[in-house]
Protein chains: 2
Amino acid sequence: MTKKTTKRHAHRIAADWGTSNLRVFALDAGGAVLAEARSDRGMGTLEPAQYEGALLSLISGWLDPSRVTPVFVCGMAGARQGWIEAAYRKVPCAPVGGPFTKPKVESPLIEVFIVPGLSQDDPADVMRGEETQIAGVLASRPGFEGVLCLPGTHSKWVVVHGGRVERFMTMMTGELYALLSTRSVLRHGLSDDEGLDEDAYALAVRKTTAAPVEGMAGLFRLRAEGLLAGLSPVAARSRLSGLLIGQEMAATRGLWQDEKVLVIGSGALAPLYARALTLLGGDAESISGADMALGGLAEAASLQEREKEHA
Amino acid sequence: MTKKTTKRHAHRIAADWGTSNLRVFALDAGGAVLAEARSDRGMGTLEPAQYEGALLSLISGWLDPSRVTPVFVCGMAGARQGWIEAAYRKVPCAPVGGPFTKPKVESPLIEVFIVPGLSQDDPADVMRGEETQIAGVLASRPGFEGVLCLPGTHSKWVVVHGGRVERFMTMMTGELYALLSTRSVLRHGLSDDEGLDEDAYALAVRKTTAAPVEGMAGLFRLRAEGLLAGLSPVAARSRLSGLLIGQEMAATRGLWQDEKVLVIGSGALAPLYARALTLLGGDAESISGADMALGGLAEAASLQEREKEHA
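First, a word on scope: everything that follows refers to the structure included in this document.

Reading the values: rules and limits
Residues numbered from 1 in each chain as written. Chains lettered and ligands numbered in written order. Predicted model: local features only at pLDDT ≥ 70, side-chain atom pairs only at ≥ 80, totals over all residues. Heavy atoms only, no water. Pairing = 2+ DSSP bridges. Helix = DSSP H or I, 4+ residues; strand = E, 2+ residues; numbered from the N terminus. Axes fitted to C-alpha atoms, helices over the stretch in contact; angles between N-to-C directions. Contact = heavy atoms within 4.5 Å. Buried area = accessible area lost by both parts, 1.4 Å probe. Polar contact = N/O pair within 3.5 Å; in protein donor to acceptor, adjacent residues only side chain to side chain. Nonpolar A, V, L, I, M, F, W, Y, C, P; charged D, E, K, R; others polar. Phe/Tyr/Trp six-rings, centres within 6.5 Å; stacked < 30°, edge-to-face > 60°. Buried < 20%, exposed > 50% of the residue type's maximum accessible area, 1.4 Å probe, protein only. Least-squares fit on C-alpha atoms with pLDDT ≥ 70 in both. Parallel < 35°, antiparallel > 145°, perpendicular 65-115°, else oblique. Salt bridge = Lys/Arg side-chain N within 4 Å of Asp/Glu carboxyl O.

Some thoughts on the sheet that holds strand 14 (residues 283-287) of chain B
Residues and elements named next belong to chain B.
Then, number 1: The sheet built from five strands is open, its strands ordered 12-11-10-13-14 with mixed pairing. Of all the strands in the sheet, the pair left with one neighbour each is strand 12 (164-171) and strand 14. Averaged over all pairs of adjacent strands, the angle between their axes in this sheet comes to 25 degrees, without regard to strand direction.
Then, number 2: Relative to strand 11 (residues 155-161), strand 10 (residues 146-150) runs antiparallel, the two sharing five bridges.

Right, here's the structure in full:
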């Protein structure tokens, strides 16, 4: 648990509650960040009755004892296995909107609003958390038309038109990569660090996007070339990334081809996606994803305040 | 450890030493099985110095104290992480052949011969253990020409011509299936048993073979349809099999199309492969894989005996 404290009370609080982490922000009336804190008490570690305590342990010092402070939450806290299930909103729709789901809380000092995720009927798809980042992106890029790519454990490709999410697609590439590189026979031949062999990555992306079956056929070859030809662990890791991301590029081609793509994210993954798109002739721009959830939660807060005014 | 004992001494002993199991057979001079035993002391659990003990604990009662009994071993005991590394033989070649690798043993009553695996330079590939099963298949089907399919954690597709392995290809489909169904987010929506929804399996095989990118794109849909549309856990598991085996069929099409294919194996996996091939218009016949390693080890023994006679 890390914490940056402030002497001013929060006007409202934003919480990005993922599977493995909880991040909270104290905001003033204008939306500026007064303080932030985080812990590892993500959805994966919590029973429903433990959510309020996990939240209060980070934010209690920010609360004004003379009023109720609204807390806006996005992410897996709203999942079926989370604090309380927040029903999905169906696309096409604006990325963030009500009704917000309000879990019962014991503290008289907070009121919690969970932002609903998005669903799509055909093909079936869901997101929870990314809708808030998307709202943050659109707040920072008013009028954006095109495709958002959000790399991650489950990457999301999102078609945006007229300020709304038209449709989207989820790929499990990140989770597959994690499983293959840590739990499969391939783990013996991969480097531990994230160094990239650019050529090995680029070649695998190109070959796999052109012939997607090469993605699967190429997996065991990493092991065999390690045994027979001394394939370096860095080249092996880079090629594995290329085999998997290449398959993703092939599967999503109908979404990104001839479109403006914003790749959103921080860390090592987003540059790999941007590089793959560029290699394939796509029009990709990378933007940091760090504050996007915060921007989307601000959007949720202002929606909620407007609803209250009109109530 | 299970054991079936015999009062007669073994003329020779065959051992199939995999990653997770060790199976041994006492054979008479004609190759008939006098007794068999197994334990869970596979390569994954053993240090090099422990192999001889693991072997003797199963076979010591079969040994004639008045002579040296030869023990023929196939499988992972010959891997780099095994008892002693047995160099690969390069295809094209007969599936089983010398030189056999002889680990040093302390017991004066046994002499151990490890059957080498096979390697292919381009595309790089390796097998260890399956070469012995292939020899067993060819011993039971003299003159067979066509393709062998050996489903498993790492399935092998093997082109056989003139009694030799011409080339082969390994797919990690079985390992991917195991990882996705037990360790990924998909595990929440899959049935625990192996019941098959034939239609869900067949549809996924057809769609994925026709458009391999659907294999990857279809993974997260299993989760989303479970959440949104109540996809049954049996249908989800069956479709997952179809998405992965369909990709394998697409990747190996150049090997099986217009060829006679023997699908070798026991258990639930081999019928799924045979069914996929039939659905796609392939010419597939299923044969049990149970005694194939034994047949191949007998082949190795007779090679060794002939070599000795000529020495």
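Here we look at the interface of chain A and chain B
Then, number 1: Each side of the interface is counted separately: chain A has 38 residues, and chain B has 38 residues.
Then, number 2: Counting each side, the surface lost to burial between chain A and chain B is near 3500 Å², with a carbon and sulfur contribution of 76%.
Then, number 3: The largest share of the area that chain A buries against chain B comes from Met172, Met216 and Phe220 of chain A, three residues that together contribute 19% of it.
Then, number 4: The interface formed by chain A and chain B holds four residue pairs in polar contact (both at pLDDT 80 or more) in total.
Then, number 5: Broken down by secondary-structure element, the contributors of at least two residues to the side of chain A that touches chain B are strand 8 (118-120), strand 9 (125-127), strand 12 (164-171), helix 3 (173-183), helix 5 (213-229) and helix 6 (233-251) of chain A.
Then, number 6: With 11 residues, the single largest contributor to the side of chain A that touches chain B is helix 5 of chain A.
Then, number 7: Of the residues that constitute the side of chain A that touches chain B, the class distribution is 23 nonpolar, seven polar and eight charged.

So, the packing of aromatic side chains
Residues and elements named next belong to chain A.
Then, number 1: Going through the model one piece at a time under the given rule, you end up with 12 aromatic pairs over all chains.
Then, number 2: Relative to phenylalanine 100, the ring of phenylalanine 72 lies with its centre 6.3 Å away and its plane at 85 degrees, an arrangement referred to as edge-to-face. Remark: phenylalanine 100 occurs in the loop between strand 6 (89-90) and strand 7 (110-114) and phenylalanine 72 occurs in strand 5 (residues 69-75); sequence separation between them is 28 residues. Accessibility assignment for this pair places phenylalanine 72 and phenylalanine 100 in one class, buried.

Section: the sheet that holds strand 8 (residues 118-120) of chain B
Within a sheet, each strand pairs with its neighbour through backbone hydrogen bonds, oriented either parallel or antiparallel.
Then, number 1: A sheet is described by the order of its strands in space; here three strands give the open sequence 6-8-9 (chain B), paired in mixed fashion. Across the chains shown, the open sheet's two edge strands, defined by having one partner strand only, are strand 6 (89-90) and strand 9 (125-127) of chain B.
Then, number 2: Where strand 6 of chain B meets strand 8 of chain B, two bridges bridge the pair, whose relative direction is parallel. Directly across from lysine 90 of chain B, in strand 8 of chain B, lies its bridge partner serine 119 of chain B.
Then, number 3: Relative to the sheet, helix 5 of chain A contacts strand 8 and strand 9 of chain B, its axis offset from that of strand 9 of chain B by approximately 85 degrees.

Remarks on the relation of the copies chain A and chain B
Then, number 1: Each copy of the sequence occupies a distinct position, and chain A is placed on chain B by a rotation of 180 degrees and an axial shift of 0.0 Å, giving an RMSD of 0.1 Å. The superposition of one copy onto the other is thereby described by a two-fold rotation axis.
Then, number 2: Looking at chain A, 100% of its interface residues are interface residues in chain B too, so the copies touch through the same face.

Points about the packing of helix 5 of chain A against helix 6 of chain A
All names here are of chain A.
Then, number 1: Remark: helix 5 packs on helix 6, axes separated minimally by 9 Å, with the N-to-C direction vectors making an angle of 170 degrees. With respect to their mutual orientation, helix 5 and helix 6 come out roughly antiparallel. Seen from helix 5, the contacting residues are Glu214, Gly215, Met216, Gly218, Leu219, Arg221, Leu222 and Glu225; seen from helix 6, they are Ala236, Arg239, Leu240, Leu243 and Gln247.
Then, number 2: Looking at side-chain class alone, the contact of helix 5 with helix 6 contains six nonpolar, three polar and four charged residues.

Overview of the pattern of salt bridges
Then, number 1: Enumeration over the complete set of coordinates arrives at 20 salt bridges over all chains.
Then, number 2: Among the ionic pairs, arginine 239 of chain B bridges to glutamate 225 of chain B, the shortest N-O distance being 2.9 Å. Linking arginine 239 of chain B in helix 6 (residues 233-251) with glutamate 225 of chain B in helix 5 (residues 213-229), this pair joins segments that are 14 residues apart in sequence.
Then, number 3: Under the relative-accessibility criterion, arginine 239 of chain B is labelled buried at 18%.
Then, number 4: In this structure, a network of salt bridges that share partners links the residues Arg141, Lys260 and Glu285 of chain A.

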